[in-house]
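Descriptive structure summary
Letter by letter, the chains look like this.
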Amino acid sequence: MSLLTRILRRLTPHDHSAVIRERLESFKALLRGNNRILELMAEAGEMLGGEYVFDTQYLRSLAADLEKAMHEVVYNLQIITGEHHAELLNKVQTIAAEIRAAIDSRLVVPKADLVIPLDRVNLDMAEVVGDKMARLGEVRERLGCRVPDGFVVSAYACRQFLESAGIDPTTAENPPETLRELRRRVENAELPKELTREIRKGLKELERKGGISTLAVRSSALGEDGQTSFAGLYETVLGVAPEDALAAYKQVVASLYSDHVVVYRRRCGLPPTQGLMPVGFLKMIPAHAGGVAYSLDPARPESDIVLVSASRGLGKTVVEGTAPVDTFELSRQPPYSVVERRIADKETAYTSGPQGGLRQTPIPHSERRSPAITDQQLAEVAAATLMIERYMKRAQDIEWALDREGRLHIVQVRPLAIPESEPPGGRMLREAASRYPVLLAGQGVVACRGIGYGRVHVVDDRSPADPPPQAVLVARTPTPRLAASLAEASAVITDIGTATGHLAAIAREMRVPAIVDVGDATRLLEEGQEVTVDAEENVVYRGKVDELLRFHLTQRFSFEERLEYRLLRSLLHRIAPLHLVEPESPAFTATNCSTYHDIIRFAHEVAVRELITGSWLRAPRTGSAIRRLLLDIPIDLVLIDLGDGLWETQDPRKAQVENVRCAPLRALLEGLLSEGAWATDPADMDPNGFMASATRGGALTRPLAARPEQNLAILSLEYLHLNLKLGYHFNIIDCYLADERNHNYIYFRFAGGVTEITRRSRRAVVLRKILESFDFITEGTGDLVIGRIKKISRNEMVDRLRMIGRLIGFTRQLDILLRDDALVEHSVKRFLKQVYDETAGKSAWGKR
Amino acid sequence: MSNQGDVLVLDDEPIVCERLTEHLQKNDFSVEAFTESSKAIERLAERTFDVVVTDLKMKGPTGLEILHYVRDHALGTQVIIITGYASIDSMREAEYGGVFEFVPKPFRMERLTSLVKKATRKARKEKR
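The residue count restarts for each chain, going from 1 along the sequence in the order it is written. All chains are assigned letters beginning at A, and all ligands numbers beginning at 1, according to the order in which they are written. Under the rules for a predicted model, residues below a pLDDT of 70 receive no local features and side-chain atom pairs below 80 are neither given nor counted, while totals for whole chains, interfaces and linings still include all residues. Where side-chain values are given, they derive from all heavy atoms of the structure, hydrogens and water being excluded.

1. A few points about the sheet that holds strand 5 (residues 101-104) of chain B
Residue and element names in this part refer to chain B. Any two strands with at least two DSSP-identified bridges between them are counted as paired. Runs of H or I in DSSP of at least four residues are treated as helices and runs of E of at least two as strands, each being numbered from the N terminus. Across the sheet, which stays open at both edges, the five strands sit in the order 2-1-3-4-5 with parallel pairing between neighbours. One side of each edge strand has no neighbouring strand; the edge strands of this open sheet are strand 2 (30-34) and strand 5. The average angle at which neighbouring strand axes cross in this sheet is 20 degrees, direction not considered. Where strand 3 (residues 51-55) meets strand 4 (residues 78-83), five bridges bridge the pair, whose relative direction is parallel. In the strand pairing of strand 4, Val-52 is matched with Val-79. By definition, residues are in contact when any of their heavy atoms lie within 4.5 Å. The angle between two axes is taken between their N-to-C directions and runs from 0 to 180 degrees, where each axis is a line fitted to C-alpha atoms and a helix contributes only its stretch in contact. Its contacts with the sheet place helix 1 (residues 14-26) against strand 1 (6-10), strand 2, strand 3 and strand 4, and it is angled at close to 175 degrees to strand 2. Of the strands in this sheet, strand 1, strand 2 and strand 3 are in contact with helix 2 (residues 37-46), which crosses strand 1 at around 160 degrees.

2. Points about the packing of aromatic side chains
Stacked, edge-to-face and tilted are the three classes for Phe, Tyr and Trp ring pairs, Trp counted by its six-membered ring, which pair at centre distances within 6.5 Å; planes under 30 degrees apart are stacked, over 60 edge-to-face, the rest tilted. Within this structure, the stated rule accounts for eight aromatic pairs over all chains. Pairing A:Phe54 with A:Tyr565 gives two aromatic rings, centres 4.7 Å apart and planes at 55 degrees, and the pair type is tilted. Of the two residues, A:Phe54 sits in the loop between strand 1 (52-53) and helix 3 (56-81) while A:Tyr565 sits in helix 18 (residues 563-575), which places them 511 residues apart along the sequence. For the pair formed by A:Phe54 and A:Tyr565, the shared burial category is buried. Among the aromatic residues, those joined into a cluster by ring pairs are A:Phe151, A:Phe161, A:Tyr249 and A:Phe281. One residue, B:Arg47, lies across the ring of B:Phe49, its end atom 4.2 Å from the ring centre. Classification of residues uses two cut-offs on accessible area relative to the type maximum, computed with a 1.4 Å probe and protein chains only: under 20% is buried, over 50% is exposed, and between them is partly exposed. Our definition puts a charge over a ring when NZ of Lys or CZ of Arg is within 6 Å of the ring centre and also within 35 degrees of the ring normal.

3. Details of the sheet that holds strand 9 (residues 326-331) of chain A
Residues and elements named next belong to chain A. Judged by pairing direction, the sheet is antiparallel, and its six strands sit side by side in the order 10-9-8-7-13-14 without closing on themselves. The open sheet is flanked by strand 10 (338-342) and strand 14 (408-415), the only strands paired with a single partner. Each adjacent strand pair in this sheet contributes to an overall mean axis angle of 20 degrees, direction not counted. Bridge analysis of strand 9 against strand 10 gives four bridges, and the strand direction is antiparallel. Bridge assignment links Thr-327 to a residue of strand 10, and that residue is Arg-342.

4. Considering the interface of chain A and chain B
Interface size is commonly expressed as the accessible surface area that is lost when the partners come together. Across the contact, 28 residues belong to chain A and 19 residues belong to chain B. Buried area is a sum: the accessible area each of two parts loses on coming together, probed at 1.4 Å, counted once for each and added. Both sides together, the interface formed by chain A and chain B hides about 2300 Å², and carbon and sulfur atoms give 45% of it. Between Lys or Arg on one side and Asp or Glu on the other, a salt bridge is scored when a side-chain nitrogen of the former is within 4 Å of a carboxyl oxygen of the latter. Seen at the junction of chain A and chain B, the total is four salt bridges. Think of a polar contact as two N or O atoms within 3.5 Å of one another; within protein, one of them needs to be a possible hydrogen donor and the other a possible acceptor, and neighboring residues in sequence only count if both atoms come from side chains. For the pair chain A and chain B, the interface holds twelve residue pairs in polar contact (both at pLDDT 80 or more). Residue polarity is assigned by list, with Asp, Glu, Lys and Arg as charged and Ala, Val, Leu, Ile, Met, Phe, Trp, Tyr, Cys and Pro as nonpolar; anything else, Gly included, falls into the polar class. Classifying every residue of the side of chain A that touches chain B by side-chain character gives twelve nonpolar, six polar and ten charged.

5. Notes on empty space enclosed by the protein
Residues and elements named next belong to chain A. Within this scheme a cavity is a closed region of a 1 Å grid, computed over the protein atoms alone, that accommodates a 1.4 Å probe without allowing it to escape, whereas a pocket is open but has protein on both sides within 12 Å along at least five of seven lines; lining residues each have an atom within 4 Å of a point. Grid points are joined across faces, edges and corners, and a volume is the space filled by probe spheres set on the points. Tallying each qualifying case throughout the model produces ten cavities of 30 Å³ or more. If you add up the space inside the largest cavity, you get close to 180 Å³. Around the largest cavity sit 18 residues that line it, and Arg-218, Met-284, Leu-314, Glu-399 and Val-411 are the ones nearest its centre. Broken down by secondary-structure element, the contributors of at least two residues to the lining of the largest cavity are strand 4 (215-219), strand 6 (279-283), strand 7 (287-294) and strand 13 (396-403). Taken together, the residues of the lining of the largest cavity sort by class into eleven nonpolar, three polar and four charged.

6. Some remarks on the packing of helix 20 (residues 663-672) of chain A against helix 23 (residues 794-811) of chain A
Pairs of packed helices are described in terms of their axes, by the angle between the two and the distance that separates them. Residues and elements named next belong to chain A. The N-to-C vectors of helix 20 and helix 23 enclose an angle of 45 degrees; their axes lie 6 Å apart at closest approach. On the basis of their axis angle, the class for helix 20 and helix 23 is oblique. Handedness of the helix 20/helix 23 crossing: right-handed. Facing helix 20, whose interface residues are Ala-663, Pro-664, Ala-667, Leu-668, Glu-670, Gly-671 and Leu-672, helix 23 presents Arg-794, Val-798, Leu-801, Arg-802, Ile-804, Gly-805, Arg-806, Ile-808 and Gly-809. For the contact of helix 20 with helix 23, the residue count by class is nine nonpolar, three polar and four charged. Throughout this description, any angle smaller than 35 degrees is read as roughly parallel, any larger than 145 degrees as roughly antiparallel, any in the 65 to 115 degree range as roughly perpendicular, and the remainder as oblique. Take the far helix as the reference: if the near one is turned anticlockwise from it by less than a right angle, the crossing is left-handed, and if turned clockwise, right-handed.

All quantities given are derived from atomic positions and should not be read as evidence of function.
Have a look at this one:
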């Protein structure tokens, strides 16, 4: 029997409570489902950090648990609103089916546009555009590298094409036809009309952006260059004239079924013919010189050099290794000087012909023995290669081209495959590392694995907005500001925080090594100090531990490239992003929900709206269990007693504070009625006195009085559901408080407000900070804040409910006062100080 | 530091074998990994290990059968069972069969490494 059922069973039959009972119970079930989904999402995010070992079975049970909780949410929403939300139900079923299909077939094909311009591509889209194009898009858009214009024909488009050609790309075992037959089918099939149209549109767009002479049409298979290196196995066609683009597309797709690919796939234990091929179309660079760069020498990773090979004309000669080319070794340290060079006798160069196709042209005798590239250009190649390595956090293999003006273009980026050697065991690494002083060890929790090196930069209120690049960020708390600086950081460490928190999630997304909840990192680490953060073993060393850094760069493939991780990442893309942000916006509709997170946010909002405004609440305003609470402050609070929430009252219509038995309400009232909690003088808020002008601003700055009949408390001895509308704020508190800690919880929700959105969002920041400092898990967007805590002791509950009582008084005017970001921290501190002063020495959180 | 212990890892999901091998090797264990339980049993017949880390549900002999095999044939070897389905019955049976520890999946790698360390100590003591 559920908790609420137990409470509700005690109701006297003549109360008008049947409706309340049903709806409240559904609301609670909806919250449960909602919380469960948020927890599962957080947990799944945590898995991506690499600390955990999980398998396909975990993915299956994750998908099943999510689906079950999603159904619970939608089902209960139907009960609360009395409407049939068919559209939401459909969405849940569609997403659930896609997720299941992805796990079963081990083939992830997110629905996407057929053709995607390269400037919209980034690393998160690997499942859509393939690894090769995802990386190119990433270094172009996020690192600012010069990459040729182009577009990608997505995996989704490939599936449509294959299916229209009568090929099932999920057939795994024993292809019914010979490979030759499959290839023939692909090459002879008509492309679907829509795909042809989209590719032509893409070409036209490229034409518009500075014209095309010829194209490079490149394979970008899913999983290519990843766990198993398919480098060079799939087709890439260079020098394609725009009118031959469609044929080249088919040629590249057909290479899915080439003999050596299938043999290789079998050898790797992969289903031989399963798969899809996203294909990139890039403008050919009329290259003066081209080649390849390795950020490390794979044969001697310990030598501190970048390897560059170069040929005249296109880099094809280098890639194929068909003719002698120049090779250079450069230092990995600026200014990247050349330490070794071998200039070859280069007889010919590949260039792309004006009408398409490639030509091999002889190099004049006088130039054959001169280097294909100058030292300055080499330094530029090395700098770009190392920048990409730093960003990707792995050794890199780059293909580059210099155009006739000598500008450097990056045409391919992939992790460098280091041949397998004896793994440098923990012993060797630890011996090397033991030469460095340990600053922190075993403290805190690893939120994202990895190794990072840089100078410590302590982020606090006073530090400048932009930290130096490649810094090791150290902070007291995981603030949103810290999260915003992560992209450039080499590692992050916080004193407080959890592996499921917001910052941890962002760190994993950006693959920044992260250790949280360390306790006193801000005390132990000094600004500007050089440190190496080993978030594999949870140790921070003073200085630069080269052995660890190199080991990390040369790991053959990291956990995140394995299929299970890719699957989980792509499932999360279907689940976790939140697009429905503003409940007031006309876009806040069921139709616009595209992820599970959208759906629960939408359902939650609709349910709460019904709870606040629904006619069901007005029905029982008279009756034996209804009292008005007499308070000295202007809150008109109506109490509905579900049983044992009140002592006997003299007046059947009114209750005094002393009459309240309900434990959570008593605690909350203690806070709300404590000195200074309600009547806050706005001028107090201002650290410098410039708020004085605001207080003269008129009606808006007067403390907002409650309207009559807006505030409702539904209570029993242990349970409280409080629905407040103070001024323009909506506040819901739903909680249970008893001796058994496993049943205890507080749910806090705050939204709405009279000022413009920036102040409201500041208020949301203040609320979240305050709640988080009392261990609540918070989420929210815009001006909405939801805080949850559960399974804490009776005393901890009482402390927090008192705090919330105070918070209700405090927040009434916050949004009006928060004119300035600087006031955010001030408000938080001021509130925490109030709570501290009030309770110092009295309770557990007096310590704070 | 010398070899920390000889470990056999058995799980039909390659990712579990790979990640455990990687992590245990980094902690100086010598590791052999198998995705088929029949092959693992063949190997167990050939040589002794300090610790066997095995999945519960697999095609062919299950984790419990591996546990019984080890009990009967390999003195001192400790067995850690990792599983996504931890039913009370199977846990009880494993307990009865002398399992060193039952670990639900997913698990933190550090947790497993420290269990393997403890199990190795116990194994070496019992073998003496």
